[in-house]
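Residue-level structural notes
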Amino acid sequence: MFLSNDVQENTEMLERHIVQPADAEHPTILSTEDLHVYYGKKEAISEGDLRFASNQITALIGPSGSGKSTFLRSLNRMNDRIATVTGRIMYRGVDINQPSIDVYEMRRRVGMVFQRPNPFAKSIYDNIAFALRLRGTTDKHELDEIVETSLKQAALWNQVKDDLNKSALALSGGQAQRLCIARAIAVKPDILLLDEPASALDPVSTSQLEDTLLELKQNYSIIIVTHNMQQAGRISEYTAFFNQGRVLEYDTTSHIFTNPQVQITSDYVSGNFG
Amino acid sequence: MMNPKTQNKVAIGTLYGVAGLVVLILLALLGYILVSGLPQLSWHFLTAPAKAFLKGGGVGVQLYNSFYLLILAMLISFPIALGAAIYLYEYAKDNWVTTTIRTAIEILSSLPSVVVGLFGFLFFVVKLRLGFSILSGAFALTFFNLPLLTRSIEDSLRTIDTTQREGGLALGLSRWETVTRVILPAAVPSILTGVILSAGRVFGEAAALIYTAGQSAPALDFTDWNPFNISSPLNPMRPAETLAVHIWKINSEGIMPDAKAISSGSSAVLVLAILLFNFAARYLGKRLYKRLTSA
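Predicted model, so just to flag it, every value in this text is computed and none were measured.

Another aspect to go through is the overall build of chain A. Helix and strand counts for chain A stand at eleven helices and twelve strands. Relative to the compact-globule value of 19 Å for 274 residues, chain A shows a C-alpha radius of gyration of 19 Å, a close match. In terms of principal-axis extent, the alpha carbons of chain A reach across some 60 × 40 × 40 Å. Split into buried and exposed, the 274 residues of chain A put 56% on the buried side.

See the structure below:
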């Protein structure tokens with residue numbers, strides 16, 4: 001792991017263990033290099049260097065305030081007006097963290113689902129279709145088809161197929177969150193970022209959501225922030241452990257949970273702090 | 001020392017008393033206006049022109065003027081207020097510029113309407129030579145209305161959760177698309193309510209109009225809709241006494257024998273119109289919300 005000099009001075013004593021994914025079948029789709037995030041003068045993320053494997057689920061874990069959500073939101077530049085992000089975010093050979101990038105186009109490739117379900121105050125159908133219409137898909141049949149496949153992929157189709165014109169605000173929390181996933185995948189992204197998507201859901205909805213994600217990784221590369229250790233263990237291939245704005249350990253999920261190399265990681269995953 | 005339970009009872013009792021008093025005063029006022037005014041109302045009263053010296057005049061022209069002025073004032077002030085509110089809430093960063101704008105809006109909204117009227121007189125009537133006219137009145141009402149409408153639209157935007165904006169942006173929508181396609185549709189019912197309520201205030205405004213739209217109501221020819229003719233109802237350059245100004249004028253210098261009755265009747269019409277605005281605001285707001293949110 002390469003550390004720039006000024007960082008090294010501060011982190012000499014810091015115990016870290018970073019193993020980037022190296023799986024020929026799942027090449028790197030997104031990587032960050034020398035990423036720093038500042039809120040005003042306060043540094044929230046210092047030097048996060050991670051590579052994310054395609055068509056896999058990567059979990060970001062760590063105590064509250066460790067910077068995992070900030071890190072995730074930087075990946076599709078949702079922090080643009082809130083924080084200053086320096087460093088490179090490489091996506092298909094292009095640094096998407098530079099001003100010349102069309103950030104709106106980029107976000108269609110790197111979709112995001114948030115902590116609290118946020119369906120729009122529109123019908124279920126329009127929640128999915130209206131962003132497509134804005135980008136020129138106006139053919140009714142084509143829209144119908146995308147709405148149907150997205151809802152099916154998000155495992156919501158069977159419950160709502162007769163109510164597509166009803167308000168999305170009437171859906172339950174779990175359904176609303178799956179609608180948000182359907183909405184995100186309808187614009188055909190490569191990467192799906194999820195920020196604690198199950199934290200507002202009951203256990204049944206959570207487990208349905210996890211099944212959905214396991215299905216989705218065939219077509220999408222997924223990065224998920226979670227507070228739930230079991231969840232990370234159940235669904236992810238790789239896990240990054242964040243603490244105080246740094247990635248302290250990154251490895252396959254099984255290594256992180258069964259044989260963590262860093263003491264703090266070990267304490268955290270075994271529930272001794274955080 | 002009272003125990004908490006008695007204390008609570010005393011507090012609730014006091015609050016009920018205070019609330020009851022407020023309701024009582026309002027009902028008494030409303031009741032007085034309606035009881036003394038409703039008997040004066042008739043089709044003739046609502047449609048006939050006013051008479052200066054004789055009995056039996058109506059308020060037809062004034063009522064029409066009130067609505068015409070209201071519509072003009074709203075047409076001018078709504079787009080400006082909407083733009084300002086969108087800028088302030090959706091785009092502007094919190095810095096000294098926006099703080100200054102907000103402070104200015106706050107000061108303007110507490111400006112006495114007679115001051116707005118005198119400003120309108122000096123600026124629109126005299127300086128811009130618009131004379132006592134509907135247009136001068138509409139501009140004065142715009143100044144009167146703008147701060148409150150901007151505030152109310154900004155508040156409507158504020159009620160839409162931030163997560164909605166993030167949802168739009170995360171789908172690759174631009175900020176403008178997010179505002180126009182996600183935020184505004186969701187806020188329309190609440191914006192509409194604000195617009196109608198402010199319409200009620202504008203409708204009942206007198207002081208800002210006395211020196212701008214004037215105190216005379218020339219007879220109108222309701223068959224002539226050419227806005228360039230002086231007797232056309234659409235002509236924006238004619239002086240136009242509104243209902244509220246009429247009430248003020250009759251009470252201060254009315255010399256017709258039935259001045260008191262006309263004033264009572266006009267007041268009742270005014271109150272009824274404003275009540276109508278309020279109920280319409282609630283009804284339309286709810287209807288529209290249902291329409292917009294469930295296709």
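Residue and element names in this part refer to chain B. Together, R282, K286, R287, K290 and R291 make up a region of like positive charge exposed at the surface. Position of R287 relative to the elements: it lies in helix α11 (residues 259-293). A residue is classified by how much of its surface remains accessible, and R287, at 45% relative accessible area, is partly exposed.

Time to look at the UniProt feature "transmembrane region" (unreviewed entry) in chain B. Residues and elements named next belong to chain B. Summarizing the sequence annotation, UniProt attributes the feature "transmembrane region" (unreviewed entry) to residues 12-35, 67-89, 101-124, 130-149, 182-203 and 261-281 in the numbering used throughout. The straight-line gap between the two end C-alpha atoms of residues 12-35 is 33 Å; of that span, 100% is helix and 0% is strand. As annotated, residues 130-149 comprises 80% helix and 0% strand, and the C-alpha atoms at either end are separated by 25 Å.

Let us now look at the interface of chain B and chain A. Each partner contributes residues to the interface: chain B has 25 residues there, and chain A has 28 residues. Interface area, chain B with chain A, both sides summed: about 2,200 Å², of which 57% is carbon and sulfur. Along the contact surface separating chain B from chain A lie three salt bridges. Where D161 of chain B meets R116 of chain A, a salt bridge forms, and the shortest distance between an N and an O atom there is 3.5 Å. At the junction of chain B with chain A, the criterion picks out eight residue pairs in polar contact (both at pLDDT 80 or more). Those elements giving two or more residues to the side of chain B that touches chain A turn out to be α3 (60-91), α7 (162-170), α8 (175-203) and α11 of chain B. Take the side of chain B that touches chain A: its biggest share by element is seven residues, from α7 of chain B. Counted by class, the side of chain B that touches chain A contains eleven nonpolar, eight polar and six charged residues.

Its volume calculated, the largest pocket comes out at about 610 Å³. What lines the largest pocket is a set of 24 residues, and nearest its centre among them are R81 of chain A together with E90, R165, L169 and R175 of chain B. If you list the elements that add at least two residues to the lining of the largest pocket, you get α3 (103-109) of chain A together with α3, α7 and α8 of chain B. The residue makeup of the lining of the largest pocket, split by class, is ten nonpolar, two polar and twelve charged. Taken together, 20 residues make up the lining of the second largest pocket; nearest its centre are A50, K51, A52, H246 and K249 of chain B.

Further remarks concern helix α6 (residues 134-158) of chain B. An ideal rise of 1.5 Å per residue puts 36 Å on 25 residues; α6 of chain B measures up with 34 Å between its terminal C-alpha atoms. The largest bend in α6 of chain B comes to about 40°, at N145 of chain B, with the proline P147 of chain B one to four residues further on.

Let us now look at the sheet that holds strand β8 (residues 110-113) of chain A. All names here are of chain A. Overall, mixed pairing links the seven strands, which are arranged β1-β12-β11-β5-β10-β9-β8 in an open sheet. One side of each edge strand has no neighbouring strand; the edge strands of this open sheet are β1 (17-18) and β8. On top of the sheet, helix α2 (residues 68-75) reaches β5 (57-61), β8, β9 (191-195), β10 (221-225) and β11 (238-243); it is set at about 150° to β9, its chief contact. Set on the sheet, helix α8 (residues 203-216) makes contact with β5, β9 and β10; between it and β10 the angle comes to about 150°.

The subject of this paragraph is the confidence of the model for chain B. Taken residue by residue, chain B gives an average pLDDT of 90. The fraction at 70 or more is 99%. At the low end of the mean pLDDT range in chain B sits α11 of chain B, at 87; at the high end sits helix α1 (residues 4-37) of chain B, at 95.

Let's shift gears to the packing of aromatic side chains. Applying the stated criterion across every chain yields a total of 17 aromatic pairs over all chains. Their ring planes at 40° and their centres at 5.2 Å tell us that F241 of chain A and Y268 of chain A sit as a pair that is tilted. With a gap of 27 residues between them, F241 of chain A in strand β11 and Y268 of chain A in helix α11 (residues 263-269) connect regions that are remote in the sequence. Taken together, a centroid distance of 6.0 Å and an interplanar angle of 20° make the contact between F121 of chain B and F132 of chain B stacked. Of the two residues, F121 of chain B sits in helix α5 (residues 113-127) while F132 of chain B sits in the loop between α5 and α6, which places them eleven residues apart along the sequence. A relative accessible area of 40% places F132 of chain B in the partly exposed class.

Each value, and the rule that gives it
- Residues numbered from 1 in each chain as written.
- Chains lettered and ligands numbered in written order.
- Predicted model: local features only at pLDDT ≥ 70, side-chain atom pairs only at ≥ 80, totals over all residues.
- Heavy atoms only, no water.
- Helix = DSSP H or I, 4+ residues; strand = E, 2+ residues; numbered from the N terminus.
- Rg over C-alpha atoms; globule rule 2.2 N^0.38 Å.
- Buried < 20%, exposed > 50% of the residue type's maximum accessible area, 1.4 Å probe, protein only.
- Patch = residues over 30% accessible without salt bridge, like charges linked within 9 Å, V, L, I, M, F, W, Y side chains within 5 Å.
- Areas by Shrake-Rupley, 256 points an atom, 1.4 Å probe, with all protein chains shown as cover.
- Salt bridge = Lys/Arg side-chain N within 4 Å of Asp/Glu carboxyl O.
- Lys, Arg positive; Asp, Glu negative; His and termini not counted.
- Charge placed at Lys NZ, Arg CZ, Asp CG, Glu CD.
- UniProt positions renumbered as here; feature names shortened; annotations may be inferred.
- Contact = heavy atoms within 4.5 Å.
- Buried area = accessible area lost by both parts, 1.4 Å probe.
- Polar contact = N/O pair within 3.5 Å; in protein donor to acceptor, adjacent residues only side chain to side chain.
- Nonpolar A, V, L, I, M, F, W, Y, C, P; charged D, E, K, R; others polar.
- 1 Å grid on protein atoms, 1.4 Å probe; cavity = no way out; pocket = protein on both sides within 12 Å on 5 of 7 lines; lining within 4 Å.
- Points joined across faces, edges and corners; volume = space filled by probe spheres on them.
- Expected span 1.5 Å × (residues − 1).
- Bend = angle between axes of the 7 residues up to and from the residue.
- Pairing = 2+ DSSP bridges.
- Axes fitted to C-alpha atoms, helices over the stretch in contact; angles between N-to-C directions.
- pLDDT = per-residue confidence, 0-100.
- Phe/Tyr/Trp six-rings, centres within 6.5 Å; stacked < 30°, edge-to-face > 60°.

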